[in-house]
Amino acid sequence: MDQESAEIIWVKESCNITVNSTDTQAGISLQAGLQLAITLVLSITLGDSNRGEAVSNELMQNFNAEQINKQKVFICNSKDINVTTTDTDLVINIQVLLQLLLALVVIVDIL
């Protein structure tokens, strides 16, 4: 999974400009945690950690996400402007991985 963000805020011939920018990328750590949980559930279910990891790796090969976010803000000849940008990258495959994990838990009746 690749995530990339680029932001350009260009202010020209302006005064009293306030810019608040937030860029949160949590997708990679969430995906890693879900993959670990799926591997653990498969290992418990299959009774073999090597086989569980192999099955998990096979499932994960089908997940590939690339997300690129670009924001451009141009402020020209302005006065008393407030700009707030928010870029939150929570990739859709995290939802798919969570659904897969929940399906596995239900199938093996862990809960």
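From a predicted model like this one, the values you see are computed outputs, not experimental measurements.

1. Describing the overall build of the protein
Per the secondary structure count, the protein includes three helices and four strands. In sequence order, the secondary structure elements of the protein are arranged as β-β-α-α-β-β-α. By the burial criterion, 27% of the 111 residues in the protein qualify as buried. Within the protein, contacts between residues separated by at least 24 positions form 76% of all contacts whose residues are at least 6 apart in sequence.

2. Comments concerning the packing of aromatic side chains
Within this structure, the stated rule accounts for one aromatic pair. Centroid distance Trp10 to Phe74: 5.5 Å. Interplanar angle 80 degrees. Geometry classified as edge-to-face. You can see Trp10 sitting in strand 1 (residues 2-12) and its partner Phe74 sitting in strand 3 (residues 66-76), a full 64 residues away along the chain.

3. Considerations on unusual backbone geometry
We note that Glu13 has phi near 50 degrees; this positive angle belongs to a residue other than glycine. Judged by relative accessible area, which is 57%, Glu13 ranks as exposed. If you check the backbone angles, Asn16 has positive phi at about 55 degrees while not being a glycine. Locating Asn16 in the fold gives a position in strand 2 (residues 15-25).

4. Details of the side chain of Ser78
Looking at where Ser78 falls in the secondary structure, it is placed in the loop between strand 3 and strand 4 (79-89). Looking at Ser78, its side chain comes within polar contact range of the main-chain oxygen of Cys76, at 3.1 Å. Every residue in contact with Ser78, bar those within four places of it in the chain, is listed here: Glu13, Ser14, Cys15 and Ile17.

5. A word on the environment of Leu36
Take Leu36: it is sitting in helix 1 (residues 27-46). Classification of Leu36 as exposed rests on a relative accessible area of 51%. Separated by 17 residues in sequence, Leu36 and Glu53 have C-alpha atoms that sit 9.1 Å apart.

6. Regarding the environment of Trp10
Looking at Trp10, the relative accessible area reads 39%, which means it is partly exposed. If near-sequence neighbours (up to four positions away) are discounted, Trp10 is found in contact with Val73, Phe74 and Ile75.

7. Describing the environment of Ser49
Residue placement: Ser49 occurs in helix 2 (residues 49-60). Classification of Ser49 by relative accessible area gives partly exposed; the value is 47%. Spatially, the C-alpha atom of Ser49 lies 8.1 Å from that of Thr39, the residues being 10 residues apart in sequence.

Rules of the game
One numbering rule holds for all chains: residues counted from 1, following each sequence as written. Only residues with pLDDT of at least 70 get local features here, since the model is predicted, and only at 80 or more are side-chain atom pairs given and counted; chain-wide, interface and lining totals rely on the full set of residues. Derived side-chain values reflect all non-hydrogen atoms in the structure, with water molecules and hydrogen atoms excluded from consideration. For helices the rule is a DSSP run of H or I covering at least 4 residues; for strands it is a run of E covering at least 2, with both sets numbered from the N terminus onward. Think of it in three bands: with a 1.4 Å probe and only protein chains considered, a residue is buried below 20% of the maximum accessible area for its type, exposed above 50%, and partly exposed in between. Here, two residues are considered to be in contact whenever any of their heavy atoms come within 4.5 Å of each other. To pair, rings of Phe, Tyr and Trp, with the six-membered ring standing in for Trp, must have centres within 6.5 Å; the planes then decide the type, stacked if under 30 degrees apart, edge-to-face if over 60, and tilted in the middle. Two N or O atoms count as a polar contact when they lie within 3.5 Å, although within protein this holds only if one can serve as hydrogen donor and the other as acceptor, and sequence-adjacent residues are included solely when both atoms are side-chain atoms.

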